[in-house]
Amino acid sequence: MTEAAPEPGNAHPARTAVRLAGYADLASSLRAARPVRAARRWGLRLPPVVGDSLLPALLLLNVMTTGAPGELPVAVALTAALALPLVWRRRAPLTVFGAVAAAAFVQWLTDVPLPADVALLVALYTAAAHSSRRGALVAGAIVEVGALLACLRWATEGAFLTPFVAMTAMVVAAAVLGVNVRTTRAYLAALEERAARLEQQQDQQARLAVAEERTRITREMHDIVTHNLSVMVALTDAAVYAQHRSPDKATTAMLRTSETGRQALTDMRRSLGVLRTGEPDAERHPLPGITQLETLADQMCAAGLPTRVEVQGSHTHIPASAQLTVYRLVQEALTNTFKHTPAGTPAMVRIRCSADTVTVDVTDSGPRPTLRGATASGHGIPGMRERSAAYGGTLEAGPLPGGGWRVSTRLLLDSGGAVSA
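Computed from a prediction, not measured in an experiment: that's the story for all the values here.

Here we take up the overall build of the protein. Counting secondary structure elements, the protein contains twelve helices and five strands. Here the protein, with 421 residues, has 36% of them falling under the buried criterion. Considering only residue pairs separated by 6 or more positions, the protein has 69% of its internal contacts joining residues 24 or more positions apart. On the protein, roughly 24900 Å² of surface is accessible, and the fraction owed to carbon and sulfur atoms is 62%.

Two numbers describe how helix α3 (residues 72-83) lies on helix α4 (residues 93-110): the axes approach to 8 Å, and their chain directions differ by 155°. Relative to α4, the element α3 is oriented roughly antiparallel. The hand of the α3/α4 crossing is left-handed. Of the residues in α4, those touching α3 at L78, A81 and L82 are V100, A103, A104, V106, Q107 and T110. A per-class count over the contact of α3 with α4 returns seven nonpolar, two polar and no charged.

What follows is about the pairing of strand β3 (residues 357-364). Taken across its eight residues, β3 has eight buried, putting it largely inside the fold. Residue alternation in β3 divides its side chains into two sets, T357, T359, D361 and T363 and V358, V360, V362 and D364, and both sets are buried. Hairpin remark: strand β2 (residues 347-353) followed by β3, antiparallel, with three residues in the connecting loop. Across eight bridges, β3 lies against strand β5 (residues 405-412) in antiparallel orientation. When the sheet's bridge partners are listed, D364 is paired in β5 with W405.

Next up on the list: the packing of helix α10 (residues 293-303) against helix α11 (residues 320-340). Remark: α10 packs on α11, axes separated minimally by 11 Å, with the N-to-C direction vectors making an angle of 10°. The angle between α10 and α11 falls in the class roughly parallel. The residues of α11 that touch α10, namely those facing L293, L296, M300 and A303, are Y327, V330, Q331, L334 and F338. Of the residues that constitute the contact of α10 with α11, the class distribution is eight nonpolar, one polar and no charged.

Right, let's get into the sheet that holds strand β1 (residues 307-312). Whether parallel or antiparallel, the strands of a sheet pair through hydrogen bonds between backbone atoms. Read across the open sheet, the five strands follow the order β1-β2-β3-β5-β4; overall the sheet is mixed. Strands with a single pairing partner mark the edges of an open sheet, and in this sheet they are β1 and β4 (396-399). Averaged over all adjacent pairs, the angle separating strand axes in this sheet is 10°, with direction ignored. On top of the sheet, α11 reaches β1, β2, β3 and β5; it is set at about 10° to β3, its chief contact.

This part is about the pattern of salt bridges. For the coordinates displayed, the defined rule picks out two salt bridges. Taking the shortest distance from any N to any O, the salt bridge between D361 and R406 comes out at 2.6 Å. Of the two residues, D361 sits in strand β3 while R406 sits in strand β5, which places them 45 residues apart along the sequence. On the basis of relative accessible area, D361 is assigned to the buried category, the value being 7%.

Moving on, we come to α4. Over its 18 residues, α4 runs 26 Å from end to end, which matches the ideal 26 Å to within 8%, given 1.5 Å per residue. Turning to α4, its buried residues number three or more, namely P93, V96, F97, V100, A101, A103, A104, Q107 and W108. Along the axis of α4, the buried residues cluster in a sector spanning 165°; they form a single face. Those residues of α4 that are exposed and angled more than 90 degrees off the buried face are T95 and L109. Positive backbone phi, at 60°, marks D111, one or two positions downstream of α4.

This paragraph deals with α10. Along an α-helix, residues three or four positions apart point the same way, because every turn accommodates 3.6 residues. All buried positions along α10 are accounted for by L293, L296, A297, Q299, M300 and A303. Considered in projection along α10, the buried side chains sweep an arc of 155° and stay on one side of the axis. Following α10 by one or two positions, G304 has its phi on the positive side, about 110°.

Right, let's talk about unusual backbone geometry for a bit. A positive phi is found at D111, a non-glycine position, where the angle reads about 60°. Looking at the secondary structure, you find D111 in the loop between α4 and α5 (118-130).

This part is about the UniProt feature "coiled-coil region" (unreviewed entry) in the protein. When the UniProt feature table is mapped to this numbering, "coiled-coil region" (unreviewed entry) covers residues 181-208. Spanning residues 181-208, this segment combines 100% helix with 0% strand, and its end C-alpha atoms are found 40 Å apart.

Further remarks concern the packing of aromatic side chains. Geometry of an aromatic ring pair is reported as the spacing of the ring centres plus the angle between the planes. Summed over the entire model, instances satisfying the criterion amount to two aromatic pairs. Measuring from centroid to centroid gives 6.1 Å for F105 and W108, while their planes differ by 20°, and the two rings are stacked. Taken together, the residues F105 and W108, both in helix α4 and three residues apart, mark about one turn of the helix. Consider the rings of F160 and F164, whose centres lie 5.5 Å apart with planes at 10°: the pair is stacked. Of note, R153 hangs over the ring of W108, and the distance from its end group to the ring centre comes to 4.2 Å.

It is worth spelling out the nonpolar core at this point. Counting 36 residues, the largest nonpolar core has L293, V326, V330, L334 and I351 as its most contacted members. Of all the elements in the fold, those that place two or more residues in this core are α7 (161-242), α10, α11, β2, β3, α12 (381-389) and β5. Residues L86, V112, A116 and A139 belong to the second largest nonpolar core, which totals 27 residues.

Before going further, it helps to spend a moment on the pairing of β4. Pairing analysis gives four bridges linking β4 to β5, with the strands arranged antiparallel. Counterpart to A397 in the pairing with β5 is V407. Following β4, the chain reverses through five residues before pairing antiparallel with β5; G403 in that reversal takes a positive phi of roughly 110°.

Calculation criteria
Residues numbered from 1 in each chain as written. Predicted model: local features only at pLDDT ≥ 70, side-chain atom pairs only at ≥ 80, totals over all residues. Heavy atoms only, no water. Helix = DSSP H or I, 4+ residues; strand = E, 2+ residues; numbered from the N terminus. Buried < 20%, exposed > 50% of the residue type's maximum accessible area, 1.4 Å probe, protein only. Contact = heavy atoms within 4.5 Å. Areas by Shrake-Rupley, 256 points an atom, 1.4 Å probe, with all protein chains shown as cover. Axes fitted to C-alpha atoms, helices over the stretch in contact; angles between N-to-C directions. Parallel < 35°, antiparallel > 145°, perpendicular 65-115°, else oblique. Left-handed = near helix turned anticlockwise from the far one by under 90°. Nonpolar A, V, L, I, M, F, W, Y, C, P; charged D, E, K, R; others polar. Pairing = 2+ DSSP bridges. Salt bridge = Lys/Arg side-chain N within 4 Å of Asp/Glu carboxyl O. Expected span 1.5 Å × (residues − 1). Arc of directions from axis to C-beta. UniProt positions renumbered as here; feature names shortened; annotations may be inferred. Phe/Tyr/Trp six-rings, centres within 6.5 Å; stacked < 30°, edge-to-face > 60°. Lys NZ or Arg CZ within 6 Å of the ring centre and 35° of its normal. Core = buried A, V, L, I, M, F, W, Y, C linked by side-chain atoms within 4.5 Å.

Below, the structure written as structure tokens:
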């Protein structure tokens, strides 16, 4: 007879049984560890003085249960003098060490060996962990002298070296452990202080970045709004003036007004779009640069300011941020000329591009004003100075000797100001 083949679901019953037994052992281990974890959490909630009282209580209990009846009063008194100061070892480590050392010396004088001498090692560890390095060395030397005296008195004949070496090793271990704890605590405190300082610096840098971004947006909005509104007002006035005498010119002026308004909206969306993630207009419309200066000149000509642009040298290597700065400088200078000179005043824009500099020069031949480019809010020439300073340039704005006004600056392409621009 042939045995029936095992079912697919129970192909290895022995292996399944072993696996289930392993799971059962793991579950039982986890259940057994629960009381330990609970006790540990409960112990962490207790005040430190409770844990510090545990060792003195155990030492007193040990001497009371194992000491000889005749020597019990002296042993209990000496044990109490050695162990009870440990309750306050965290509050006054050096004072507690001195008290324990004095009690140990009295014990040595009375010639009563006790298990409570371990309190001297605990006091040494605490003193090393909470005092300076000099204090740890002095405490270690005192305990080492005590170990030598104890071995001289209580060591059996011919067996001095072995207990002395063992006690010396325990003294060194307690002192080193305390010093390591103090060093680790100081290192962690230094790390926390450094982290707090770095966090404060990051907050300051964030506030500075926010203030700088506000300044940049304010400057952009001023340039966009002031220029385009000035042009739109002039075109609208021209259309109103020509609507009866020359309807064709009025229509052309109104079309240019709408075109200027759309351009202003596009510029505003582009400038504010970088503040929002995934804004399509910021990527769809490139930043204005030197190439768009001809279009800007046509706008100004249509508004009544004959403008000519002259570009010397290739500008293809100039970064987009630097070209935007050039465009805004020219735009603001022409807007000031448009607002402060009579209609029909010609303006000349000269751009000279080299490998590492861009020179911007805007002049007009209008009458000399008392103050050019300063609006009520003061964003005209100061804004141009900020843009120029971002590229290491110094803006010069003032009247020409023969009449007219000149705005000139030189931008340094390798000055590192491109980031702030």
